[in-house]
Amino acid sequence: MVGAMAAFALEDAFLKGAAAELPVAEILLLMGGCGAFVFAVLARLRGERLANRDVTSPPMLIRFVFEFIGRLFYVVALALTPLSSATAILQATPIVVILGAALIFGETVGWRRWTAIIVGLIGVMIVLRPGAEAFSALSILAVVGMLGFAGRDLSSRAAPASISTNVLGFYGFVTIAVAGGVFHLWEGRALVMPSPAASLSLLAVVTAGVLAYSALMKAMRTGQVSAVTPFRYFRLLFGVGLGVFVFDERLDAWMVAGCVLIVASGLFILWRGTRKAA
């Protein structure tokens, strides 16, 4: 999970860089198409079939919907808002995932961890600061994307065991391409020929995305959700660091305070989960 978060942060940074030149729809189309091709090759090398009855099972169809929502809205948020704030908002994902794991999969989450989850949510609200001058309505895009990713992760947990990580990755990236096509029809912005710099950024996006996706699916499908999910908070450290040092974004005291609460609550949830398992 830590490796997946590091790779996702790199993917976000390269994607934001490419969005300065390319339309969002084009990035989604190219990213989805290339990623799907990579996973199709990996599945072929392992003798895994891309088409079977389980692919159209209810969990997979639900996963498609949430993947579509998560990818589309979060990529648009990355293009229009600071990387650090979009990454911070995304940290609410573990809260929704653990809630879903308790309600859907019956995993036990004690009152101490629920308290830590609430503290983490307060941290996210401090980062958002609704009603303050620093609040941007565009941040709602990242919130919707976060909800989509949480639903994607939970439905991946319920996906049939016969569907391998490579097959999941293939259909995940196909969904990204579909999202790009739909957004292109809605936006109506003409596609452009990528420059060499933008092409390298897209190559890095696909490489980081494939590595991150593989690691994430492995963690979510083999580990207890409430135990592995807190490691997602490492994405906050990676994303904020890249935002500050690569995109010269500024962190104020409220942002730092919110991030501290989010990380502290995540580490406490991890500690409680490890203690309970022992």
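Residues numbered from 1 in each chain as written. Predicted model: local features only at pLDDT ≥ 70, side-chain atom pairs only at ≥ 80, totals over all residues. Heavy atoms only, no water.

Q: Even after reading the chapter, I still don't get the side chain of Arg 152, so can you show me in this structure?
A: Considering the arrangement of structural elements, one finds Arg 152 in helix α7 (residues 139-158). Assessed through its relative accessible area of 2%, Arg 152 is described here as buried. With residues up to four places along the chain from it excluded, the contact list for Arg 152 reads Arg 63, Phe 66, Glu 67, Tyr 213, Leu 216 and Met 217. (Helix = DSSP H or I, 4+ residues; strand = E, 2+ residues; numbered from the N terminus. Buried < 20%, exposed > 50% of the residue type's maximum accessible area, 1.4 Å probe, protein only. Contact = heavy atoms within 4.5 Å.)

Q: What is the right way to read the environment of Asp 252 from this model?
A: Mapped onto the fold, Asp 252 is located in the loop between α11 (234-245) and α12 (253-277). Separated by 125 residues in the primary sequence, Asp 252 and Val 127 place their C-alpha atoms 9.8 Å from one another.

Q: Would you mind showing me how to read α11 here?
A: Count 3.6 residues to each turn of an α-helix, and residues three or four apart come out pointing the same way. Across its 12 residues, α11 extends 17 Å between first and last C-alpha, which sits within 8% of the 16 Å expected from 1.5 Å per residue. By the burial criterion, the buried members of α11 are Arg 235, Leu 236, Gly 239, Val 240, Leu 242 and Gly 243. For α11, the angular spread of buried residues about the axis comes to 160°, placing them on one side. Within α11, the exposed residues directed more than 90 degrees away from the buried face are Leu 237 and Phe 245. (Expected span 1.5 Å × (residues − 1). Arc of directions from axis to C-beta.)

Q: Explanation requested: the nonpolar core in the structure shown.
A: Nonpolar side chains in soluble globular proteins tend to end up buried together. In this structure, Met 1, Leu 15, Leu 72, Phe 173, Leu 216 and Met 220 are the most contacted members of the largest nonpolar core, which totals 78 residues. Per-element tally for this core: the top contributor is helix α9 (residues 196-222), with 11 residues. Beyond its immediate chain neighbours, meaning those up to four positions away, Met 1 contacts Leu 216, Ala 219, Met 220, Val 228, Phe 231 and Arg 232. (Core = buried A, V, L, I, M, F, W, Y, C linked by side-chain atoms within 4.5 Å.)

Q: Explain the packing of aromatic side chains to me, please; I cannot follow it from the model alone.
A: The relation between two aromatic rings is expressed through the spacing of the ring centres and the mutual angle of the planes. Evaluated as defined, the whole model comprises 8 aromatic pairs. Note on Tyr 74 and Phe 149: the rings are 5.7 Å apart at their centroids and 75° apart in plane angle, and the pair reads as edge-to-face. Of this pair, Tyr 74 sits in helix α3 (residues 58-80) while Phe 149 sits in helix α7; the two residues are 75 residues apart in sequence, bridging distant segments of the chain. By way of ring pairs, the aromatic residues Phe 39, Phe 173 and Tyr 213 are connected into one cluster. (Phe/Tyr/Trp six-rings, centres within 6.5 Å; stacked < 30°, edge-to-face > 60°.)

Q: Hey, could you run me through the UniProt feature "domain: EamA" (unreviewed entry) in the chain in this one?
A: UniProt tags residues 2-128 and 140-270 as "domain: EamA" (unreviewed entry). Across residues 2-128 one finds 80% helix and 0% strand; the C-alpha atoms that close the span lie 24 Å apart. (UniProt positions renumbered as here; feature names shortened; annotations may be inferred.)

Q: Explain the packing of helix α1 (residues 2-19) against α11 here, please?
A: Geometry of a packed helix pair, given as the angle between the helix axes and the separation of the axes. Following both chains from N to C, one finds α1 and α11 inclined at 30°, their axes separated by 8 Å at the closest point. Taken together, α1 and α11 sit at an angle that is classed as roughly parallel. Viewed along their axes, α1 and α11 form a crossing whose handedness is right-handed. Residue-level contacts link Val 2, Met 5, Ala 6, Phe 8, Ala 9, Leu 10, Asp 12 and Ala 13 of α1 to Phe 234, Arg 235, Phe 238, Gly 239 and Leu 242 of α11. When the residues that make up the contact of α1 with α11 are grouped by side-chain class, the tally is 10 nonpolar, 1 polar and 2 charged. (Axes fitted to C-alpha atoms, helices over the stretch in contact; angles between N-to-C directions. Parallel < 35°, antiparallel > 145°, perpendicular 65-115°, else oblique. Left-handed = near helix turned anticlockwise from the far one by under 90°. Nonpolar A, V, L, I, M, F, W, Y, C, P; charged D, E, K, R; others polar.)

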